[in-house]
Amino acid sequence: MFGYIIVNKAEMKFKEFDIYHSYYCGICRDLKKKYGVCGQLSLSYDMTFLAILLTGLYEPQTCRESCKCIVHPFESHETRRNVFTEYAADMNMLFAYYKCQDDWEDEKKILKLAYGRLLEGKAGRLKAIYADKVRKINLLMQDFSDAEREKDTDIDALAGLFGRVMAEIMAVREDEWAENLRRLGFFLGKFIYLCDAYEDVEEDIRKGTPNPLKPRYASPDFEEECRTILTMMISECCKEFEKLPILENVEILRNILYSGVWGRYEAVREKRKKEHARVTSMGSEA
């Protein structure tokens, strides 16, 4: 379920993208510092949103540096690091570990099993640092795995479980903003789960792997129904976001929530639409 919480680069100013990328690089450096190259391999853009959101809300002291790396060996680029890029790096590791577990359980991918074992060892310290949070997330992920294993088709319940996972990740502190952050995370998590199910439904039908959208896929209203549900989820997410007193980099965050999160959905929808049109055309010619 990685790759959904990203920017729409085409609608960003160059300066905004540079700031966004500097937080991404900051998370990368925190991953390397805390978990080594193994941790860096888990890096995704998704947690950059979390780091920028929490930075804008709590306004911590942020260290700005320039560095070179393996990906950009000849050109220095700016990085931004603070307590929330470090937190985002920790949550990135946790998510990557769960993703490996999920891939192993669903498709028995040996490489994912091996990488998951490495991540489990590296991320062991998280259980001590975030004991209560990790315990809650572990229980939710276990309920999620059990529901998928039993081929539960209650899409609202399944999306809700992942929403509660995201709620725990967003609520970094128990303070006046915790409830807003939990609700934002809850609806964002449901949106991500539903997008992922939408993207994978055809492949899951072929492979026989769990997906609560499979019973709905043959319906003529499938596309409209999915779009409506997704719009409702991200609307609730955005409603909670707008309640937060964030000024710093707010346009970057709005770019992600109002536009960026739809990128993969729109790409999948367009590809599926073209494929259906091609199949229909071949059938009419026959």
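Residues numbered from 1 in each chain as written. Predicted model: local features only at pLDDT ≥ 70, side-chain atom pairs only at ≥ 80, totals over all residues. Heavy atoms only, no water.

Some points on the nonpolar core
Point 1. Residues F49, L50, L53, M170 and L188 are the most contacted members of the largest nonpolar core, which totals 84 residues.
Point 2. Excluding anything up to four places from it in sequence, L53 contacts M170, L181, F241, L244, I246 and L253. (Core = buried A, V, L, I, M, F, W, Y, C linked by side-chain atoms within 4.5 Å. Buried < 20%, exposed > 50% of the residue type's maximum accessible area, 1.4 Å probe, protein only. Contact = heavy atoms within 4.5 Å.)

What to know about the pairing of strand β2 (residues 77–81)
Point 1. Most of β2 sits inside the fold, with 4 of its 5 residues counted as buried.
Point 2. Relative to β2, strand β1 (residues 63–67) runs antiparallel, the two sharing 5 bridges. Counterpart to C67 in the pairing with β2 is H77. (Helix = DSSP H or I, 4+ residues; strand = E, 2+ residues; numbered from the N terminus. Pairing = 2+ DSSP bridges.)

Some points on the pattern of salt bridges
Point 1. Summed over all chains, the structure comprises 22 salt bridges.
Point 2. Among the ionic pairs, E65 bridges to R29, the shortest N-O distance being 2.7 Å. In this pair, E65 is assigned in strand β1 and R29 in helix α1 (residues 14–40), connecting sequence segments 36 residues apart.
Point 3. In this structure, the salt-bridge partner of E199 is R264, at a minimum N-O distance of 2.7 Å. Of this pair, E199 sits in helix α8 (residues 178–207) while R264 sits in helix α11 (residues 263–285), and the two are 65 residues apart along the sequence.
Point 4. A relative accessible area of 25% places E199 in the partly exposed class.
Point 5. Through salt bridges with shared partners, one network takes in R29, D30, E65 and R81. (Salt bridge = Lys/Arg side-chain N within 4 Å of Asp/Glu carboxyl O.)

Some thoughts on the packing of aromatic side chains
Point 1. Applying the stated criterion to the full structure yields 14 aromatic pairs.
Point 2. Between the aromatic rings of F191 and W262, the centroid separation amounts to 5.1 Å while the plane-to-plane angle is 80°, which identifies the pairing as edge-to-face. With F191 in helix α8 and W262 in the loop between α10 (250–258) and α11, this residue pair connects regions lying 71 residues apart in the sequence.
Point 3. A residue is classified by how much of its surface remains accessible, and F191, at 0% relative accessible area, is buried. (Phe/Tyr/Trp six-rings, centres within 6.5 Å; stacked < 30°, edge-to-face > 60°.)

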